[in-house]
Amino acid sequence: VVVPPPPAKAQIALPITWNDTANVNYTVTDFDGTSSMLAADPMNANNIVLKTDKSATGQPWQGTTLSTPAGLASAIPFAQGATTISAVVYSPDTGVVVRLKVEDSSNPNINAEVDVTTTVANGWDTLVFDFANPAAALNFANTYDKVTIFYGFLATPAAATFYVDDVFFGGNVVVPPPPAKAQIALPITWNDTANVN
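A brief look at the structure comes next. (Residues numbered from 1 in each chain as written. Predicted model: local features only at pLDDT ≥ 70, side-chain atom pairs only at ≥ 80, totals over all residues. Heavy atoms only, no water.)

With 32 residues, the main nonpolar core has Trp18, Val102, Phe129 and Phe131 as its most contacted residues. Of all the elements in the fold, those that place two or more residues in this core are strand E7 (84-91), strand E8 (97-104), strand E9 (107-117), strand E10 (123-130), strand E11 (146-151) and strand E12 (160-169). Discounting chain neighbours no more than four positions away, the residues touching tryptophan 18 are Ile12, Tyr26, Val28, Leu38, Ile48, Val49, Leu50, Leu66, Val164 and Asp165. (Core = buried A, V, L, I, M, F, W, Y, C linked by side-chain atoms within 4.5 Å. Buried < 20%, exposed > 50% of the residue type's maximum accessible area, 1.4 Å probe, protein only. Helix = DSSP H or I, 4+ residues; strand = E, 2+ residues; numbered from the N terminus. Contact = heavy atoms within 4.5 Å.)

Laid out in structure tokens, this is it:
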């Protein structure tokens, strides 16, 4: 009896959840010092996430492309007013610069990059990368179908473990509220309306 081969797994695409291992090819591409693998969520053993170990002997720009070099199955649908990608990241520390890079899988010269800093240590934090004002300009006429994440971008390399769970298009950048205005006091000048109630 000839047993047909199993169907080929689908190429990775946004949103990435890491949970559909039976149907999606979650192969990633590490470079310059990182080592990644699917692993259990450090806070929920029933959830699958991508674990990345950084090397102390790797490059300051070591990172992980969240696909094979072929990129995502479909282009990221950037458009005016729709320029964010969110990544749920577990970092061992606060203040870690995480860079997300998008590029054209067939032309690495077409790319855009955004940095966000972690605010949670040893817990999940949803980082929103807004490509409206990236380090390299986003052009809506270009195709962006490859996503790469860098933990501790350009910092002195140190051994550390990071996790990423869902990576998805969209998400709102949180703008902190303005500081509360000061209570009125003598002398009163009426001129400092930005800072005094």
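With respect to the helices, strands and loops of the structure, glycine 71 is situated in the loop between strand E6 (63-65) and E7. Glycine 71 sits in the buried class, given a relative accessible area of 0%. Here the alpha-carbon distance between glycine 71 and valine 88, two residues 17 residues apart in the chain, equals 20 Å. In this view, glycine 71 contacts Gln11, Ile12, Ser105, Asp145 and Lys146; residues no more than four positions away in its chain are not counted.

Let's shift gears to the sheet that holds E9. If you walk across this open sheet you meet the five strands as E3-E6-E11-E8-E9, and the pairing is antiparallel. Across the chains shown, the open sheet's two edge strands, defined by having one partner strand only, are strand E3 (29-31) and E9. If you compare each strand with its neighbour and ignore which way they point, the axes differ by 20° on average. Two elements, E8 and E11, share six bridges in a ladder whose sense is antiparallel. From the neighbouring strand, lysine 101 faces E11, where its bridge partner is threonine 148. (Pairing = 2+ DSSP bridges. Axes fitted to C-alpha atoms, helices over the stretch in contact; angles between N-to-C directions.)

Okay, the packing of aromatic side chains next. Applying the stated rule across the entire model yields nine aromatic pairs. Ring geometry for tryptophan 18 and tyrosine 26: centres 5.4 Å apart, planes at 50°, overall tilted. With respect to burial, tryptophan 18 and tyrosine 26 carry one shared label: buried. Judged by centre distance (5.8 Å) and plane angle (75°), the ring pair of phenylalanine 31 and phenylalanine 150 falls under edge-to-face. Taken together, the residues span a long stretch of sequence, with phenylalanine 31 in strand E3 and phenylalanine 150 in strand E11 at a distance of 119 residues. Residue class for phenylalanine 150 comes out buried when judged on its relative accessible area of 6%. (Phe/Tyr/Trp six-rings, centres within 6.5 Å; stacked < 30°, edge-to-face > 60°.)

Pairs can form between side chains of opposite charge once their charged atoms are near each other. This structure, assessed with the given rule, holds four salt bridges. In this structure, the salt-bridge partner of glutamate 103 is lysine 101, at a minimum N-O distance of 4.0 Å. Here glutamate 113 and lysine 101 are joined by a salt bridge, their closest N and O atoms 3.8 Å apart. Here the residue glutamate 113 occupies a position in strand E9, and lysine 101 occupies one in strand E8, the gap between them amounting to 12 residues. Each member of the pair, glutamate 113 as well as lysine 101, carries the same accessibility label: buried. Salt bridges linked by common partners bring Arg99, Lys101, Glu103, Glu113 and Asp115 together as one network. (Salt bridge = Lys/Arg side-chain N within 4 Å of Asp/Glu carboxyl O.)

Once that is clear, we can look at the layout of surface pockets. Roughly 150 Å³ of volume is contained in the largest pocket. Along the walls of the largest pocket sit Ile184, Ala185, Pro187, Ile188, Thr189, Trp190, Asn191, Asp192, Thr193, Val196 and Asn197, which together make up its complete lining. Here the residues of the lining of the largest pocket are counted per class, giving six nonpolar, four polar and one charged. (1 Å grid on protein atoms, 1.4 Å probe; cavity = no way out; pocket = protein on both sides within 12 Å on 5 of 7 lines; lining within 4 Å. Points joined across faces, edges and corners; volume = space filled by probe spheres on them. Nonpolar A, V, L, I, M, F, W, Y, C, P; charged D, E, K, R; others polar.)

The subject of this paragraph is the sheet that holds E7. Spatial strand order, E4-E5-E12-E7-E10: five strands in an open sheet with antiparallel pairing. Looking at which strands have only one partner, the edges of the open sheet turn out to be strand E4 (35-41) and E10. When strand polarity is set aside, the average angle formed by the axes of neighbouring strands in this sheet is 35°. Where strand E5 (residues 44-54) lies against E12, five bridges are found, and the strand directions are antiparallel. Looking at the pairing, lysine 54 lines up with alanine 160 of E12.

Note that every value here comes from positions in space, so none of it alone points to a role or purpose.
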